[in-house]
Amino acid sequence: MNKVQKILLGMALAGLALMLCFPIWFGITGAFSSQWELEANLAPVFTGSEEMVTWSFLPQAPTLEPLVQVLMDAPEFFVMFWNSVTITLGILAGQLLVGVTAAWALAQLPLPGKGKILSGYIVLMLMPFQVLMYPQYLVVRDLGLLDTLGAVILPAVFSTFPVFLLHRFFLAIPGEILEAARMDGAGEVRIFWQIGIPLGMPGIMAVGILSFLDSWNLIEQPMTYLKTKSLWPLSLFLPQIQLKDIGMGFAAALLMLIPALLLFISGQEYLEQGIALSGGKD
């Protein structure tokens with residue numbers, strides 16, 4: 001690759017980075033914009049007008065009023081925030097408990113039909129929520145969990161993605177280590193707890209971060225299983241925003257972004273290790 005090609009590639013990557021960062025900048029500037037400015041810029045979106053939507057790189061009249069309104073005058077925001085925390089932590093704990101043990105069993109235990117089971121996991125992982133929505137709805141209804149937070153948590157606990165990803169990590173553990181532990185008299189539970197989990201910790205952390213980001217932004221599942229508005233997570237707060245409350249909507253979106261952004265930044269090293277190790281063994 002010559003110098004000109006490197007420059008063109010760098011410009012293309014820089015342009016792509018700007019495009020990917022624009023939604024974040026859009027949300028941040030909107031959270032610090034005054035209500036009249038937001039209404040003037042975004043009115044065509046809500047009114048169906050054929051006028052062009054406009055946006056300023058920086059707010060014309062920066063203000064903290066939208067953030068103050070959300071934090072001081074919107075108690076439903078905090079209710080939905082804690083609903084989101086409950087749902088996310090419940091899903092995260094369940095996925096780690098089920099996913100780690102299932103992935104270890106499929107990777108290291110002599111189970112009959114492991115290949116077929118793993119193939120089934122892959123097929124289920126490729127299916128969108130819309131395909132599985134009705135059977136999941138029936139199961140949740142028959143368990144009496146409909147219109148409870150458990151209706152959102154329980155189906156997500158048995159997600160196939162954590163099992164599929166962690167299976168790759170546990171396969172990468174050298175068999176010599178496990179055989180040496182067995183020769184020393186260690187049982188399978190001890191091997192899993194003292195060898196499997198420590199050596200698979202980068203993968204476990206990566207799965208935990210990805211599961212958090214996915215669970216924090218759930219929309220379709222809460223809309224399907226939750227009818228009581230007081231049980232809604234924060235992800236359903238934003239679709240209810242009207243033009244007259246658009247400033248609060250931007251402020252709520254910014255506050256919702258902060259936990260996910262902090263977790264992503266703090267766990268970036270684990271994600272990089274996870275991506276590298278997941279492809280380390282075929």
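To keep things clear, this report deals only with the structure shown in the data block.

### With respect to the layout of surface pockets
Part 1 of the reasoning: Within this model, the largest pocket holds a volume of roughly 650 Å³.
Part 2 of the reasoning: Residue lining of the largest pocket: 25 residues in total, with A156, S159, T160, D214 and Q221 positioned closest to the centre.
Part 3 of the reasoning: At the level of elements, α4 (75-108), α5 (114-126), α6 (129-142), α7 (149-157), α8 (160-171), α11 (201-216) and α12 (220-225) are the ones that each hand at least two residues to the lining of the largest pocket.
Part 4 of the reasoning: The greatest single-element share of the lining of the largest pocket, amounting to four residues, is contributed by α11.
Part 5 of the reasoning: Among the residues making up the lining of the largest pocket, the classes are represented as 16 nonpolar, seven polar and two charged.
Part 6 of the reasoning: Looking at the second largest pocket, its volume works out to about 310 Å³.
Part 7 of the reasoning: Surrounding the second largest pocket, 15 residues form its lining, G27, L238, A253, L254 and L257 being those nearest its centre.
Part 8 of the reasoning: Looking at the lining of the second largest pocket, the elements with two or more residues in it are α1 (3-31) and α13 (246-266).
Part 9 of the reasoning: Partitioning the lining of the second largest pocket into residue classes produces 12 nonpolar, three polar and no charged.

### Section: empty space enclosed by the protein
Part 1 of the reasoning: Throughout the structure, instances matching the rule amount to one cavity of 30 Å³ or more.
Part 2 of the reasoning: There is about 40 Å³ of room inside the largest cavity.
Part 3 of the reasoning: In terms of lining residues, the largest cavity is bounded by S84, I87, T88, S215, W216, L218, P222 and P233.
Part 4 of the reasoning: Mapped by element, the contributors of at least two residues to the lining of the largest cavity are α4 and α11.
Part 5 of the reasoning: In terms of residues, the lining of the largest cavity owes the most to one element, α4, which gives three residues.
Part 6 of the reasoning: Of the residues in the lining of the largest cavity, the class split is five nonpolar, three polar and no charged.

Reading the values: rules and limits
Residues numbered from 1 in each chain as written. Predicted model: local features only at pLDDT ≥ 70, side-chain atom pairs only at ≥ 80, totals over all residues. Heavy atoms only, no water. 1 Å grid on protein atoms, 1.4 Å probe; cavity = no way out; pocket = protein on both sides within 12 Å on 5 of 7 lines; lining within 4 Å. Points joined across faces, edges and corners; volume = space filled by probe spheres on them. Helix = DSSP H or I, 4+ residues; strand = E, 2+ residues; numbered from the N terminus. Nonpolar A, V, L, I, M, F, W, Y, C, P; charged D, E, K, R; others polar.

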